[in-house]
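Topology and contacts: notes
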Amino acid sequence: MRLHEKLAAGFALAMLSATTLAVNAQTKPVPQLGKNSIKEVIAAMTLQEKCTLLVGAGKAPRPKQAAGLKAGMSNGYVAPPPMIGKTEVKVDGAAGNTNAIPRLGIPAMVLSDGPAGVRISPHRKGDSTHTYYATAFPVGTLLASTWDPKVVESVGRAFGNEVKEYGIDILLAPGVNIHRNPLNGRNFEYYSEDPLIAGKMAAALINGVQSNGVGTSIKHFAANNQETDRNFVNSQISQRALRELYLKNFRIAITESNPWTVMSSYNRLNGAYTAERHDLITTVLRDEWKFKGFVMTDWGGGYSDVAEENAGNDLIMPGRPDQIEDLMNAVQHDSLSMNILDENVAHILNIILKSPSFKKYAYSNKPDLKAHAEVSRKAATEGMILLKNDAQTLPIAKNVKSIAAFGNASYFTIAGGTGSGDVNKAYVISVAQGLSKASYITDPVLEATYTSFVKDTTAKLWVTARKEHHWPGPVPEMMVNEDKIADEAEHADLALITIGRNAGEGSDRDLATNYTLTPNEQQQIKKIADSFHAKGKKVVIVLNIGGVIDMNGWKDNADAILLAWQPGEEAGNAIADILSGKVDPSGKLATTFPAKYEDVPSAKNFPGEPANKPEHVVYQEGIYVGYRYYDTYKVKPMYEFGYGLSYTHFIISNLKLSSPVFIGALTATITVKNTGSVAGKEVVQVYISAPTKTIDKPAQELKAFGKTRLLQPGESQNLTFKINAADLASFHTDKSEWITDAGNYILKAGASSRDIRQTANFSVSKTIMVEKDHNVLKPEVAIDEYKGK
């Protein structure tokens, strides 16, 4: 019997069973979700209904085994270019749906992508009178740069309203993976190289979104730190590095926000696919962290549907009819127990009970996009970082009226990254538009030249791409002729150069052309700078980028540099707010800018071996990622973790500890005073240096942070930080224990990891065993890790 015949027969049997139950309904009503207990509903479900609920509603046929794959590797369901989920059921353009079981009152749920905004289709078949645009909010790197969970939560509240009003139940966000290497194509979605920042920001977004009565899916669990061969690559990581970095971010977020769901990642982790690791999905996530929601695969992730269900990975997405049959066969042949099946079904039903679809919420398809645009704009200004400001070039002087805006991205400003992180927004305010709205004069001839170049080049790239069956590459930077540069230097009051870089799902960034500015770009920056400086005029560079870039060879040509990241649809307005001085820049780096790529601790181990198609990647740097490496090994970065300038000045003083001896907890208080001439906000970062007698440790680690309110000139604010034993603990692999060592500690408060303003000492009189964990997730090979200095 062929597959479709078997499925048809199975569904016919299910319908017959349903009919029989209906006949007997007069004596024994069929249990209904919400009216009967979940246990009663599960008891009434047929095997096929259970398996149907555990598999998404996708209709694709069973994929063929990809050629050349070794046994146990992913079946290649997600092939390049990456498969990004899309459905036309209920909400056009959503990523997928769960299956409904109407007989038992179980509705389908809608799942949508959207780390920076709801990703749905803006137009719908047969509906020419309405649009369904969503707000493009700032990307994750920018939100983390606010260092302000309240701002991120406000974004989440607006974001969640759009999720709800567009008929979606679960948002497939946020992404919380660590910035292990700056070439990761999806770093724009993620928050930081530090698990505390990443975890806190993710928790804030989740709390904001879920305050609307909709769900989130924190992803990608775990150690999904590259796009290159993401479906196959084996991340080889020590237990300590996992616990202290690559799991800790998830743990913080999950503990502080209770997301409805967790999405497992594509990659293998220490030999096995994450979606198939019982020790990860059940032992760590459910038993140790007490997670109560359900776990889903990434779209097409993993290899064995049965192994995923046995691991506790409840929902297989996007789902295929043959996967339902696979699970039924597994139960019938004792490779999947009914008890596990029932547990996984219960996990999903518990979440369905919370969903708008179950509650029959009458969504409007009309969220307040105007109000949400204002939220996006405000958040964008909070996360932009002033990297350089020689001779108070910024804010723009009052006598500056006209600005020569150079760079493709001045006119085609990048709101956010590509792939599942993209948003179908109604508009993007360009840098040039933002300047015009702020009453600066820009050159319409220069704008027309850039516009024509970008549009014509884009069209040509698409023609080539369609012929060769691939996505078009980026538009190269337009080269402005020297006469035009000289003319602009003669007539404009200031030069502004916007450098644009984009990346996204499915591939990592190219070191030579995406991470590094091309020779042509660098030469043009120098020509512009030389021409304007010769006239005694300033040059400002705006970085419209999703991740870290190399700044050698051109940084010194700029009088000021504003890191605007990818700030969402209100990009140009938010950038103008900072440049004009309407808003004081208060963002701080949540990821380090290295002096050169070779300084990155994972540089020689990214993206893995063999180089042409990596099968494994060794995390040799261990816990020494980002500032933990640069500060411990005394490597000077271009801009350190936590760095960011302001238009005003702050004094951080009066650090006080509640006790010189740690007894259960410790409180630190500090005073921040605005001693400058304009209102602004400051971020206080608390680092701790710990004793290293029993185990190597970074020179210092971020343990707390806080951002002031808007302080007027002369105004002060006290900030309070609480430190617990768990904050001081390191993971001892030999014992599978989190231990706070006895000895002397140094608490440091500052404006960056290398701008420490106050220090205080305290001691721990005796060793504290904070937590005993399971001895799981062991690497299958020995790793020669960095051990600090």
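Look above for the structure.
**Description of the environment of Ala253**
Examined against the element boundaries, Ala253 turns out to sit in helix α8 (residues 248-257). On the basis of relative accessible area, Ala253 is assigned to the buried category, the value being 0%. A C-alpha to C-alpha distance of 30 Å links Ala253 and Asn761, two positions 508 residues apart in sequence. Leave out the neighbours within four places in its chain, and Ala253 touches Gly199, Ala202, Ala203, Ile218, Asn258 and Pro259.

**Considerations on helix α6 (residues 195-210)**
With 16 residues, α6 extends 22 Å from end C-alpha to end C-alpha; this agrees with the ideal 22 Å at 1.5 Å per step. A large share of α6 lies buried, amounting to 14 of its 16 residues. Capping of α6 at its N-terminal end is provided by Asp194; its side-chain oxygen lies 2.9 Å from the backbone amide nitrogen of Leu196.

**Notes on the pattern of salt bridges**
Under the counting rule described, the total for this entry stands at 47 salt bridges. The residue Asp322 makes a salt bridge to Arg62 at a minimum N-O spacing of 3.4 Å. Residue Asp322 is located in helix α11 (residues 321-332), and its partner Arg62 is located in the loop between α3 (47-53) and β1 (96-97); the two are separated by 260 residues in the primary sequence. According to the relative accessible area criterion, Asp322 is buried, its value standing at 2%. Here Arg62 falls in the partly exposed class, since its relative accessible area comes to 43%. One salt bridge in this structure joins Asp443 and Lys484, with 2.9 Å as the shortest N-O distance. On the criterion of sequence distance, the pair formed by Asp443 in the loop between α15 (431-437) and α16 (444-468) and Lys484 in helix α17 (residues 482-491) is long-range, its members being 41 residues apart. Like Lys484, Asp443 is buried. Several salt bridges converge on common partners, so that one network encompasses Arg186, Glu189, Glu227, Arg230 and Glu505.

**A closer look at the pairing of strand β11 (residues 403-406)**
Here β11 shows no split at all, with Ile403 and Ala405 on one side and Ala404 and Phe406 on the other all buried. Examined bridge by bridge, β11 and strand β12 (residues 494-500) share 4 bridges and lie parallel to one another. Of the residues in β12, the one forming a bridge with Ala405 is Leu496.

Reading the values: the criteria
- Residues numbered from 1 in each chain as written.
- Predicted model: local features only at pLDDT ≥ 70, side-chain atom pairs only at ≥ 80, totals over all residues.
- Heavy atoms only, no water.
- Helix = DSSP H or I, 4+ residues; strand = E, 2+ residues; numbered from the N terminus.
- Buried < 20%, exposed > 50% of the residue type's maximum accessible area, 1.4 Å probe, protein only.
- Contact = heavy atoms within 4.5 Å.
- Expected span 1.5 Å × (residues − 1).
- Polar contact = N/O pair within 3.5 Å; in protein donor to acceptor, adjacent residues only side chain to side chain.
- Salt bridge = Lys/Arg side-chain N within 4 Å of Asp/Glu carboxyl O.
- Pairing = 2+ DSSP bridges.

Purely geometric numbers; function is a separate question.
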